[in-house]
Every structure is written in structure tokens, then in C-alpha cells.
Amino acid sequence: MSDNKTDVILKVNGKEYAIRVEPRRTLADALRDQCGLTGTNSGCEHGVCGSCTVIVDGDPVRSCLMFAVQVQGRQIRTIEGLADGDKLHPLQRAFIEHHGLQCGFCTPGFLMLAASVLEREPDINDEDLVEVLSSNLCRCTGYQNIIKAVRAAAAEMRAR
Amino acid sequence: MKPGQFAYHAPQTVQEAVAMLAEVASQEGRVLAGGQSLVPAMALRLALPAHLVDINGVAELGRLAAEAGELAIGACVRHARFERPVVDGPLGRLLSNVVRHIAHYPIRTRGTFCGSLANADPASEWCLVAATLGATMVAKSVRGTRTIAATDFFQGMMATALEPDELLVEARLPIFSPNTRFGFYEFNRRAGDFAIVMALAVYRIEHGVIVDPRVGVGGVEGHPRRIAAAEQALAGRAPASEVFRAAADAAAKTIQPIDSKPELAGYKHEVTRTAVRRALEAAEKS
């Protein structure tokens, strides 16, 4: 298996990336190394920490647990596509205002997780919101400020 | 933390999938469904398949249908599908209740019901459901199709009756009557962790007494199973806390925890007693 590479077209944030990868290349690594989209962070690389969370066809997924060859033709959204040009997404502003991050490593994953859930379920109740946010790990904030930030963004997004 | 090399196959039909599996099964070939257990194992190099047969492109495996008194769950039906009841009545509610205990939401959007059964982790919630309700598994290969009862399907820790060239195409759960009650209780240390102990209780109350009780325990032995001694302690008796306690005691006495450390085994007996009692109590209130 010297050259076991396959051509894949990844659609990320509305843009197409023609890449050539081995089947074993994860979506997380392909986004970072082949597409140059390094906003998605690779943490544990086995599905536990959630820092690599991206949105595939509307669903939040661990991009370290999918292979790039599996995602051909699907709509992928990453942290690079969350802001509207220079205008930050309400979640991004809320994370700044509520001190929802310190080192920032887990932040892209939390933002994509929260964005996908609030888009699907704008009126999510607090118990379910906390349950969803338990999916990802943060070693700085103690989670309370992340929960506050997402609650605030949810209220703002609902008010629109 | 990078998976080893493998050849990737993406069949579009069940026929293609089993033909491919027949070809690669003897050469370390594995089925890739949701990948939420297999891919971590590959990242850790605990699994080094030389071939992956990805069934995610097989549209017919996404089937989820209530038919002839059973709920048929295709191989690509993901955990998240069950978050809202998929059938009216207690079975749909039971599955919605249990699914929230499976890992975390971004895992549930990918992982599959049948994948959990084929993986057969002792702490798998769906394995407990399949064993307790008496699910039927449908396995396909180029050699033909066969159905396997839950009692034969689960054979031990991460071990099932599936042959390497067989694809678990569907699991079938009996749809129980509207007056069926159920209770599920899982104990673990953090949300989303593997269960330390879990229990599922299902029964009806007719003329004031418990009828057709089913009590399953998971996370304790090599695979989840029904505990006959606990069921015998319930059948024909009026639901009451002392009856539930007797059944829970019977379950705690019967189980043989797989933990190598004796102090942990003792602990599991105690947690099993509590989990079974709480599942039975929850069923009474359901």
C-alpha cells in the first residue's frame, strides 16, 4: 500500500477543497493539514474531548472519528465559517462577554457544538442545554461561564 | 494517535457490502458503521483492520419501521433517532429514556444501534435493551440470511455470534402492549461515561399483580442478560417495596462481576442491588 491515496472533495463553509488523502486520514487532520483550516483543534484524537467538533450536514460530530473519505459531498461547517465576515456570531460575542474561555483550545469545539444545537432547537430547555454542553471538555473555565455564555447567546438568537 | 493503514470500501447496497465482506473478512476486514467505538480503537492501535467496509452509503440500512408487532432497526439507524419516541406507546418512550445515557450528543449523531450490538461492550445500553426485551438479530452474508435470538447473540465481553463475513443488517424489538411499564436506572460517575452498573425492568400489572416481568442487568458481567431469579421474585406478586427489594437481592446474589479486583466485585453486587430496585420502582411509576 505505497500509494493508497484517494481524491476527495471537501465542501467546507461553502467552499470546495480538492484534496488527496489516505483513507486513514481523519476529517480533523484533513481540515487542518490539507485544507489549512487550523481553527479546528485536535485534542485527544479518540473522541473524548470534543475540541475537534465540527458540523456535518447539520449534525455536530467529532471530526477525529470520521475519515475524510467518508465526508465527500457533505456540507461541513467549521469555526472559520461561524462569523459573518468581520461580524462575530452571537455565540462568539457571548463567550468573550461571559469569559467563556481562557486558553481557547476547546473553544472552537464548544462553539460549533452550541451553534448546531441552538440552530436545531432554539428553545432548548436548560437541563437539555447543560446535558449537551457536558459533551466537551474544558480545563480552564470550570464550565459555568461557558454555560452562561451559551444561555445568553440563545436568548439573543431567540429575540431576533 | 493516528489509525494504521487500511483499504477503504464503500458499497452502495447490502449485496455489495456482504460480497465485499466475504472477500476481506479473512484479511482483517471490518465493518465501519458509526465508527464511534471502532475509530477510537484504531486511533489507539488496539484495532488494526486491513480493510474497512463502510456501510454508511447503503441507503436501505437506514430503515426504521414498525411492522408485524416488531420495531425493525436497520444497521445505519443512529442513536439520535431515538431521542424522540419512534413508535407510540411504552417502547418508544423506553428507547427515548435510555438513549440519553449513551455517551454524548455528538457521539449519538454518528453511532448506531446495531453497531452497539455488534460491538457488544458489557456496558452498552442497547445491548441491555436487546437482551432484556428479547431482540432478534438479522445477519446477512453471501452464504444467506439467518436470525439470531438475543440469548444466542451475546456470547461474552465484545463477543457475539456474528461470523467475520456476516453483516448485522437489522435488529428487531418486540413492540409491547400499551399497559407495559418500564424503568431504567444507570449508575456512573460522570454524564456520558460507561455504565458501572445499569438495570432495566419491564412488566405489566394485571389484576393487581406483576405479569411477564423482565429484569436485565448490564455493565457487570461479560454481557448484559436477564436475571431469572429476580423475575421469579416478582411474577404473580402485587408491586410493593418489599417485593422489589427481594427481586433486587436475588439479582445481587446471582450476578458474577467480571472485575478482577475482589473489592470491586463486592461493590458491584451492592450497586446492582440498588440499580435493580430503582429500575423496578421507576417502572411502577411509569
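Residues numbered from 1 in each chain as written. Chains lettered and ligands numbered in written order. Predicted model: local features only at pLDDT ≥ 70, side-chain atom pairs only at ≥ 80, totals over all residues.

**Let's talk about the overall build of chain B**
- What chain B contains, in helices and strands, is 10 helices and 14 strands.
- The globule rule puts the C-alpha radius of gyration for 286 residues at 19 Å, and the 19 Å found for chain B is close to it.
- In terms of overall dimensions, chain B has C-alpha extents of about 60 × 45 × 35 Å along its principal axes.
- Looking at chain B as a whole, 51% of its 286 residues qualify as buried. (Helix = DSSP H or I, 4+ residues; strand = E, 2+ residues; numbered from the N terminus. Rg over C-alpha atoms; globule rule 2.2 N^0.38 Å. Buried ≥ 20, exposed ≤ 12 C-beta atoms within 10 Å, placed from the backbone.)

**Comments concerning the sheet that holds strand E2 (residues 29–32) of chain B**
Residue and element names in this part refer to chain B.
- The strand order across the open sheet formed by 3 strands is E1-E3-E2, and the pairing between neighbours is parallel. The open sheet has two edge strands, strand E1 (7–9) and E2, and neither has a second partner. Each neighbouring strand pair of the sheet contributes to a mean axis angle of 25°, computed without reference to strand direction.
- Bridge analysis of E1 against strand E3 (residues 51–54) gives 3 bridges, and the strand direction is parallel. (Pairing = 2+ DSSP bridges. Axes fitted to C-alpha atoms, helices over the stretch in contact; angles between N-to-C directions.)

**Here's the deal with the domain arrangement of chain B**
- By domain assignment, chain B separates into domain 1 (7–54), domain 2 (59–174) and domain 3 (180–285).
- Taking the mean C-alpha position of each, domain 1 of chain B and domain 3 of chain B sit 36 Å from one another. (Domains from an automatic or database assignment.)

**Examining the domain arrangement of chain A**
Residues and elements named next belong to chain A.
- In terms of domain boundaries, chain A breaks down into domain 1 (6–81) and domain 2 (90–159).
- Placing the centre of domain 1 and that of domain 2 at their C-alpha centroids yields a distance of 21 Å.
- Taken residue by residue, the interface counts 17 residues in domain 1 and 13 residues in domain 2.
- Listing elements by their share of the side of domain 1 that touches domain 2, those giving two or more residues are strand E3 (53–56) and strand E4 (59–62). (Contact = placed C-beta atoms within 7 Å.)

**Thoughts on the pairing of E2(B)**
All names here are of chain B.
- Across the two faces of E2 the burial is the same, with Gly29 and Val31 and Arg30 and Leu32 all buried.
- With 4 bridges joining them, E2 and E3 adopt parallel strand pairing. Following the sheet pairing, Gly29 is matched in E3 by His51.
- Handedness of the E2-helix H2 (residues 38–43)-E3 crossover: right-handed. (Right-handed = clockwise from strand over helix to strand, strands pointing away.)

**Topic: the packing of helix H4 (residues 126–133) of chain A against helix H5 (residues 144–159) of chain A**
Residue and element names in this part refer to chain A.
- Close contact between H4 and H5 brings their axes to 11 Å; oriented N to C, the two are set at 130°. Relative to H5, H4 is oriented oblique. In terms of crossing hand, the pair formed by H4 and H5 is right-handed. Across the interface between the two elements, Leu129, Val130 and Leu133 from H4 touch Ile146, Ile147 and Val150 from H5. (Parallel < 35°, antiparallel > 145°, perpendicular 65-115°, else oblique. Left-handed = near helix turned anticlockwise from the far one by under 90°.)

**Remarks on the interface of chain A and chain B**
- Taken residue by residue, the interface counts 23 residues in chain A and 24 residues in chain B.
- Sorting the residues of the side of chain A that touches chain B by element identifies E4 and H4 of chain A as the ones contributing at least two each.
- At 4 residues, E4(A) tops the list of elements feeding residues into the side of chain A that touches chain B.
- Taken together, the residues of the side of chain A that touches chain B sort by class into 9 nonpolar, 8 polar and 6 charged. (Nonpolar A, V, L, I, M, F, W, Y, C, P; charged D, E, K, R; others polar.)

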